[in-house]
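# Descriptive analysis of the structure
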Amino acid sequence: MRDENCIFCKIANGEILSATVYEDEMFRVILDLGPATDGHALILPKEHFADVCRLDEAYGAGVLPLAAKIGQAMKRGLGCDGFNLVQNNGEAAGQTVHHFHMHIIPRYAGGPKGIAAWEPRTADSEKLAELAEKIRTNI
Ligand code: AMP
Ligand code: ZN
């Protein structure tokens, strides 16, 4: 299903031009217009899913192997030394376009830091057990 008001539906289905690096029946991979680093790409399903919680099984199974394929091509083609996979769900998590997408961010040795990075906090075992219980009982 597509959402007529969704820009990523239009891009994924070729109604709006994009710098496309890969396309198959299910996905289009484009370059991000506001890249974190050179070559920053987005995997877009051609169907509309708001976020990972809505993604259907076939797309879910396809997205990670595709991310690995594109990441390998980035290493060969761009000479990057690694890459981050980033996938935001919900505004609190930084999601700004509510059509599932996975970021593939090439990383270059000596390049900008602070991408997909956080300051580690501390957590004692009691707190970890309490948090784990809250998640475990809701699976
Ligand atoms: P997120 O914050 O995870 O929702 O990521 C949305 C990403 O989409 C951002 O990195 C934007 O730079 C990117 N973006 C938004 N509109 C476009 C567009 N028309 N073409 C390419 N990238 C876009
Ligand atoms: Zn959409």
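The structure under discussion appears in the preceding block.
To start, this report covers the structure provided alongside it. (Residues numbered from 1 in each chain as written. Chains lettered and ligands numbered in written order. Predicted model: local features only at pLDDT ≥ 70, side-chain atom pairs only at ≥ 80, totals over all residues. Heavy atoms only, no water.)

Bringing the nonpolar core into the picture now. Within the largest apolar cluster, 16 residues are counted, with the highest numbers of intra-cluster contacts made by Ile43 and Ile104. Among the elements that line this core, the one with the most residues is helix α2 (residues 57-78), at 6 residues. Judged by nonpolar contacts, the second largest core, of 8 residues, contains Phe8, Ala12, Ile30 and Leu42. (Core = buried A, V, L, I, M, F, W, Y, C linked by side-chain atoms within 4.5 Å. Buried < 20%, exposed > 50% of the residue type's maximum accessible area, 1.4 Å probe, protein only. Helix = DSSP H or I, 4+ residues; strand = E, 2+ residues; numbered from the N terminus.)

Inspection of the secondary structure puts Ala50 in the loop between β3 (41-45) and α2. Residues Ala50 and His99, 49 residues apart in the sequence, show an inter-C-alpha distance of 4.4 Å. Beyond its immediate chain neighbours, meaning those up to four positions away, Ala50 contacts Gln95, His98, His99 and Phe100. (Contact = heavy atoms within 4.5 Å.)

Attention now goes to the site of ligand 1. Near ligand 1 there are 16 residues, and of these Asp32, Gly94, Thr96, His101 and His103 occur at the shortest range. Residue Asn88 places a side-chain N or O atom 2.9 Å away from an oxygen atom belonging to ligand 1. The side chain of His101 places a nitrogen or oxygen atom 2.8 Å from an oxygen atom of ligand 1. A total of 510 Å² of accessible area belongs to ligand 1 in isolation, and the protein chains cover 80% of it. For the shell around ligand 1, the elements supplying multiple residues, two or more each, are α1 (7-12) and β2 (27-31). (Near = heavy atom within 4 Å. Polar contact = N/O pair within 3.5 Å; in protein donor to acceptor, adjacent residues only side chain to side chain. Areas by Shrake-Rupley, 256 points an atom, 1.4 Å probe, with all protein chains shown as cover.)

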